[in-house]
Amino acid sequence: MGAGHLHPMFVHRHSPVHHLAPEAKVVAAVLCTIVVVATPRTALWAFAGYAVLIAAIAVLARIPAGWLARRSMIELPFVLTAVLLPFLTAGPTVRVLGMDLAVDGLWAGWNILVKGALGVLIALLLAATTLPRDLIIGLDRLRAPTAITQIALFMLRYLDVLADEAKRMRIARISRLDDPRFLWQLRGFAAGIGTLFLRAFERGERVYLAMKSRGYTGRMPAALHADGTATARQWMAAAIPPVAAAAIMVCGRLYA
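Residues numbered from 1 in each chain as written. Predicted model: local features only at pLDDT ≥ 70, side-chain atom pairs only at ≥ 80, totals over all residues. Heavy atoms only, no water.

Describing the side chain of histidine 18
Its location among the elements puts histidine 18 in the segment before helix H1 (22-38). A distance of 2.6 Å separates a polar atom in the side chain of histidine 18 from a polar atom in the side chain of serine 15. Apart from residues lying up to four places away in sequence, histidine 18 is in contact with Phe10, Val11, Arg13, Lys25, Ala61, Ile63, Ala128 and Thr129. (Helix = DSSP H or I, 4+ residues; strand = E, 2+ residues; numbered from the N terminus. Polar contact = N/O pair within 3.5 Å; in protein donor to acceptor, adjacent residues only side chain to side chain. Contact = heavy atoms within 4.5 Å.)

Here you go:
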């Protein structure tokens, strides 16, 4: 039921953060994100406090700064939006470097930029310290909808199988002098996508019937829940970042 390899987003280390139960890390990450979003955009030093807290967790988890920096580039579309807001927002303006920028646009851009960056870093730390299989198990322990956890688990298990199937189909097309780089080959590419979907659907039916014949009831096996559940000490350790972030937010609201 689990993947037999490490996920590209997972950074294999032996650290206290890695050894925490997945459900505790999920709850801590969600609470920290909620605290960051609820912080007033004018509490500048509070966001600096969040950055220090995230950096401390990254050091404790032994996650390289370069790894976080490269993968945080996913936020670039939000950065572009934040940069454009001061030019597109109406209202009072302030002159910066010879340009008239809207004050509300500057604050809105800053709000998107800083909260988006912190949220991405929190999610990256969760992904870097938790295997996808363990993450799904943690969500199931937290009583997430069964349909979501089951679909995610099967997707994780068979995604590489479908990727290999697509690679073999592409090699077969190229060996028959089909060049997918040209526009007039889109019809063949679309037909290949349809064939891959049908094969995936048929494979899914066979896998489901095979699992039903072996006693599958629609939930994860109990053995996955019995191993590595969060202890009281782990819950207390996972509560430290959200409590610290909440304290920073309270101080930020008082002095914003």
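From this point, things continue past the structure.
Some details on the pattern of salt bridges
Enumeration according to the criterion identifies 5 salt bridges in this entry. For glutamate 165, the salt bridge is made with arginine 168, and the minimal N-O distance between the two is 2.4 Å. With a gap of 3 residues between them, glutamate 165 and arginine 168 both fall in helix H7 (residues 146-175), about one helical turn apart. Among the charged side chains, a salt-bridge network with shared partners connects Glu165, Arg168, Arg199 and Arg203. (Salt bridge = Lys/Arg side-chain N within 4 Å of Asp/Glu carboxyl O.)

A closer look at the pairing of strand S1 (residues 93-96)
For a regular strand, side chains alternate in direction, first toward one face of the sheet and then toward the other. Pairing of S1 with strand S2 (residues 99-102), which is carried by 4 bridges, proceeds in the antiparallel orientation. Each bridged residue has a counterpart across the sheet, and for valine 94 the counterpart in S2 is leucine 101. In textbook terms, the turn of a hairpin is the stretch between consecutive antiparallel strands, and for S1 and S2 this stretch comprises 2 residues, one of which, leucine 97, has a positive phi near 55 degrees. (Pairing = 2+ DSSP bridges.)

A few points about a nonpolar patch on the surface
Taken together, Val83, Leu84, Phe87, Leu88, Val94, Val96, Leu97, Met99 and Leu106 make up a surface patch of nonpolar side chains, about 850 Å² in accessible area. Among the secondary structure elements, those contributing two or more residues to the nonpolar patch are helix H4 (76-88) and S1. For the nonpolar patch, the element with the highest residue contribution is H4, accounting for 4 residues. Here valine 83 lies in helix H4. (Patch = residues over 30% accessible without salt bridge, like charges linked within 9 Å, V, L, I, M, F, W, Y side chains within 5 Å. Areas by Shrake-Rupley, 256 points an atom, 1.4 Å probe, with all protein chains shown as cover.)

Remarks on the packing of aromatic side chains
Counted by the stated rule, this structure contains 2 aromatic pairs. Taking 6.0 Å as the distance between ring centres and 75 degrees as the angle between the ring planes, the aromatic pair formed by phenylalanine 47 and tyrosine 50 counts as edge-to-face. Of this pair, phenylalanine 47 and tyrosine 50 both sit in helix H2 (residues 44-61), 3 residues apart, which is roughly one turn of the helix. Given the relative accessible area of 3%, phenylalanine 47 is considered buried. The exposure class assigned to tyrosine 50 is buried, which follows from its relative accessible area of 2%. With centroids separated by 5.9 Å and ring planes inclined at 85 degrees, the aromatic side chains of phenylalanine 47 and tryptophan 110 adopt a geometry described as edge-to-face. Separated by 63 residues along the polypeptide, phenylalanine 47 in helix H2 and tryptophan 110 in helix H5 (residues 103-129) bring together distant segments of the chain. (Phe/Tyr/Trp six-rings, centres within 6.5 Å; stacked < 30°, edge-to-face > 60°. Buried < 20%, exposed > 50% of the residue type's maximum accessible area, 1.4 Å probe, protein only.)

Overview of the nonpolar core
In this structure, Tyr50, Ile63, Trp67, Leu68, Leu118, Ile122 and Leu125 are the most contacted members of the largest nonpolar core, which totals 28 residues. Among the elements that line this core, the one with the most residues is H5, at 8 residues. Sequence-distant contacts of isoleucine 122, defined by excluding residues within four places in its chain, comprise Ala29, Cys32, Thr33, Val36 and Ile54. Core analysis: the next-biggest nonpolar cluster, separate from the first, contains 6 residues, Leu20, Ala24, Ala28 and Ala238 among them. (Core = buried A, V, L, I, M, F, W, Y, C linked by side-chain atoms within 4.5 Å.)

Side note on helix H10 (residues 232-255)
Between its first and last C-alpha atoms H10 spans 35 Å; for 24 residues at 1.5 Å apiece the expected length is 34 Å, and the two agree. For H10, the principal kink sits at isoleucine 240 and spans about 30 degrees; a proline, proline 241, occurs within the next four residues. Buried residues of H10: Gln234, Ala238, Pro241, Pro242, Ala245, Ile248, Met249 and Gly252, and no others. Against the buried residues of H10 lie H1 and H2. (Expected span 1.5 Å × (residues − 1). Bend = angle between axes of the 7 residues up to and from the residue.)

Focus: the packing of helix H6 (residues 132-141) against H7
Relative to each other, H6 and H7 sit at 170 degrees, their axes nearing to 10 Å. The angle between H6 and H7 places the two elements in the roughly antiparallel class. Note on element contacts: H7 touches H6 through Thr149, Ala152, Leu153 and Leu156, opposite Pro132, Arg133, Ile136, Leu139 and Asp140. In terms of residue class, the contact of H6 with H7 is made up of 6 nonpolar, 1 polar and 2 charged. (Axes fitted to C-alpha atoms, helices over the stretch in contact; angles between N-to-C directions. Parallel < 35°, antiparallel > 145°, perpendicular 65-115°, else oblique. Nonpolar A, V, L, I, M, F, W, Y, C, P; charged D, E, K, R; others polar.)

A word on unusual backbone geometry
The residue arginine 62 is not glycine, and still its phi comes out positive at about 60 degrees. By secondary structure assignment, the location of arginine 62 is in the loop between H2 and helix H3 (65-71). If you check the backbone angles, arginine 143 has positive phi at about 65 degrees while not being a glycine. Mapped onto the fold, arginine 143 is located in the loop between H6 and H7. Taking the relative accessible area as the measure of exposure, arginine 143 reaches 65% and is therefore exposed.

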